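Working through the structure, step by step
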Amino acid sequence: MMTVKPISAQRLPALLARMPKAELHMHIEGSLEPELMFALAARNGLQVPYADVETLRRAYVFGNLQEFLDIYHAGTLVLRSEQDFYDMTWAYLQRAAADHVLHTEIFFDTQTHTGHGLSADTVLNGLHRACVDAKTQLGISASLILCFLRHLSEAEAFEALEQAMPHLDKLVGIGLASSEVGHPPEKFARVFAKARGLGLRLVAHAGEEGPPAYIWSALDVLKVERIDHGVQSMKDSALVARLKQARIPLTVCPLSNLKLRVFPSLAQHNLGAMLDAGLMATVNSDDPAYFGGYVNDNFTQTFAALGLTAQHAWQLAYNSFEASFIDVSAKRAYQAQLAELFETFE
Ligand code: ADE
Ligand code: ZN
């Protein structure tokens, strides 16, 4: 571990903004800003059921995950063509590059869109083309993780995997998202095993609203390599010991947890406690268009609320590369850039 020189509280936001980082938990459909939603609706001859951008933004008040998922799903109805998926992804990648994200692993759920009559090819081709352009035009690497929707059946997950088969080379892994409570991971054991056999990396949302038991089964039944959210793990000391010992990364999303009322305030978030417990936590934006901020907003607001330091900042950014699915030489190169910034930052 690198010992970081102290940085004043006034300079900390600039350091957080400037530091190289990876983002590992961001649903591309959740990056669709109201302005682009209205523009895509107009292009596709559709109506957004809100008067204007401001009215829509004011509707983004949620009591829990399900209330958010209902609005999120309604927002996806404007996405109809490959170009729509490209434009949404490109907009996110530009925001990510501005936040000094050097590598991002983007979640998407084809089942949402095939449920609206689109083909998985339309979705995957649009997303992938934007990722390719990001490398050449923005200098950032982006890979794709297909999330199954856990409120749907095992058969539907298998069907989504089947439809993605012609695009395996465009995917780095699979995940599990949507309504958590009442939908434990076990239903997806066989489809995760199949994906693993195909060489895909495995992650799952667990312990966002759901109990520690769902994190145990994501690890032991689905055999995931990372846990998305995982904030409920702190209720189970044996689980904390397991996550620490196995160095399982947790992709934490503080503003999401705040907006979905997982914690009553950011000052009560357990990110600092997770780091103190030796867990490999990272900071991510989840659904930035809905939760009030991109990854740097998550860093700056959470650091201010919890009084975290430059040492925590370095650890979180280091973890983000360590937890990513890039090869070891790329991890070390990014981590060297991170060290250089911390050595030279005044
Ligand atoms: N899909 C998009 N955002 C999600 C979240 N925070 N939890 C579960 N599923 C999601
Ligand atoms: Zn998520």
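This write-up is about the structure you can find in this document. If you're wondering where the values come from, they're calculated on a predicted model, not measured in any experiment.

**Focus on the overall build of the chain**
When helices and strands are tallied, the chain shows 17 helices and eight strands. Rg of the C-alpha trace for the chain: 19 Å, near the compact-globule value of 20 Å for 346 residues, within the 12% margin. Expressed along its principal axes, the backbone C-alpha trace of the chain runs to roughly 55 × 40 × 40 Å. Evaluated residue by residue, the chain yields a buried proportion of 58% over its 346 residues. A sequence separation of at least 24 residues applies to 76% of the contacts in the chain between residues at least 6 apart. Roughly 13,100 Å² of accessible area belongs to the chain as shown, and the carbon and sulfur atoms make up 54% of that amount.

**Examining the coordination of the zinc ion (ligand 2)**
Of the protein atoms, only His25 (NE2), His27 (NE2), His205 (NE2) and Asp286 (OD) coordinate the zinc ion (ligand 2), at distances of 2.0 to 2.2 Å. Taken together, the four donor atoms surrounding the zinc ion (ligand 2) define angles of 84 to 173° at the centre, an arrangement classified as irregular. The motif formed by the donor residues of the zinc ion (ligand 2), counted along the single chain, is H-x1-H-x177-H-x80-D. On the criterion of sequence distance, the pair formed by histidine 25 in strand E1 (residues 21-27) and histidine 205 in strand E5 (residues 201-206) is long-range, its members being 180 residues apart. Across the pair, histidine 205 and histidine 25 agree in class, each one buried.

**Let's talk about helix H9 (residues 189-197)**
Among all positions in H9, only Val191, Phe192 and Ala195 are buried. Across the axial projection of H9, the buried residues extend over an arc of 100°, all falling on one side. Among the exposed residues of H9, those oriented more than 90 degrees off its buried face are Arg190 and Gly197. Those residues of H9 that are buried lie in contact with strand E3 (141-149), helix H8 (154-164), strand E4 (171-177), E5 and helix H10 (212-222). Positioned one or two residues after H9, glycine 199 has a phi angle of 90°, which is positive.

**Structural notes on the packing of H10 against helix H11 (residues 237-245)**
The interhelical angle for the contact between H10 and H11, taken along N-to-C directions, is 35°, at an axis separation of 10 Å. The two elements H10 and H11 meet at a crossing, and its hand is left-handed. Touching Pro212, Ile215, Trp216, Leu219 and Asp220 of H10 are Ala238, Leu239, Arg242 and Leu243, all from H11. Per-class residue counts for the contact of H10 with H11 are seven nonpolar, no polar and two charged.

**Focus on the sheet that holds strand E2 (residues 101-108)**
Pairing is parallel across the open sheet formed by eight strands, whose spatial order is E1-E2-E3-E4-E5-E6-E7-E8. The open sheet has two edge strands, E1 and strand E8 (280-283), and neither has a second partner. Sheet twist, expressed as the average angle between the axes of neighbouring strands with direction ignored, equals 25°. Two elements, E2 and E3, share six bridges in a ladder whose sense is parallel. Bridging across to E3, isoleucine 106 finds its partner in leucine 144. Running at roughly 150° to E2, helix H5 (residues 82-98) makes contact with E1, E2 and E3 of the sheet. Running at roughly 100° to E8, helix H16 (residues 310-322) makes contact with E1, E2 and E8 of the sheet.

**Describing the packing of aromatic side chains**
Applying the stated criterion to the full structure yields 13 aromatic pairs. Plain terms: the ring middles of tyrosine 60 and phenylalanine 62 are 6.3 Å apart, the flat faces sit at 25° to each other, and that makes the pair stacked. Residue tyrosine 60 shares its accessibility class with phenylalanine 62, and that shared class is buried. One Lys or Arg, arginine 226, reaches over the ring of phenylalanine 325 and ends 4.1 Å from the middle of that ring.

**Some words on H8**
Every α-helix winds through 3.6 residues per turn, so residues three or four apart in the chain are directed the same way. Along H8, the positions that sit buried rather than exposed are Glu154, Ala157, Ala160, Leu161 and Ala164. One side of H8 holds all its buried residues, which, seen down the axis, span an arc of 120°. Turning to H8, the residues buried within the fold contact helix H6 (110-114), helix H7 (120-138), E3, E4 and H9.

**Remarks on the site of ligand 1**
Around ligand 1 sit His27, Leu65, Phe68, Leu69, Tyr72, Ala177, Ser178, His205, Glu208, His229, Asp286 and Asp287, and that is every residue in its neighbourhood. A distance of 2.8 Å is found between a nitrogen atom of ligand 1 and a backbone nitrogen or oxygen belonging to serine 178. Aspartate 286 places a side-chain nitrogen or oxygen 2.7 Å from a nitrogen atom of ligand 1. Its free accessible area being 260 Å², ligand 1 has 99% of it covered by the protein chains. Of all the elements, helix H4 (residues 65-75) adds the most residues to the shell around ligand 1, at four residues. Among the residues making up the shell around ligand 1, the classes are represented as five nonpolar, four polar and three charged.

Thresholds, definitions, all that
Residues numbered from 1 in each chain as written. Chains lettered and ligands numbered in written order. Predicted model: local features only at pLDDT ≥ 70, side-chain atom pairs only at ≥ 80, totals over all residues. Heavy atoms only, no water. Helix = DSSP H or I, 4+ residues; strand = E, 2+ residues; numbered from the N terminus. Rg over C-alpha atoms; globule rule 2.2 N^0.38 Å. Buried < 20%, exposed > 50% of the residue type's maximum accessible area, 1.4 Å probe, protein only. Contact = heavy atoms within 4.5 Å. Areas by Shrake-Rupley, 256 points an atom, 1.4 Å probe, with all protein chains shown as cover. Donors = N, O, S within 2.8 Å, 3.2 Å for Na, K, Ca; no water. Tetrahedral: all angles 85-135°; square planar, octahedral: opposite > 155°, others 65-115°. Arc of directions from axis to C-beta. Axes fitted to C-alpha atoms, helices over the stretch in contact; angles between N-to-C directions. Left-handed = near helix turned anticlockwise from the far one by under 90°. Nonpolar A, V, L, I, M, F, W, Y, C, P; charged D, E, K, R; others polar. Pairing = 2+ DSSP bridges. Phe/Tyr/Trp six-rings, centres within 6.5 Å; stacked < 30°, edge-to-face > 60°. Lys NZ or Arg CZ within 6 Å of the ring centre and 35° of its normal. Near = heavy atom within 4 Å. Polar contact = N/O pair within 3.5 Å; in protein donor to acceptor, adjacent residues only side chain to side chain.

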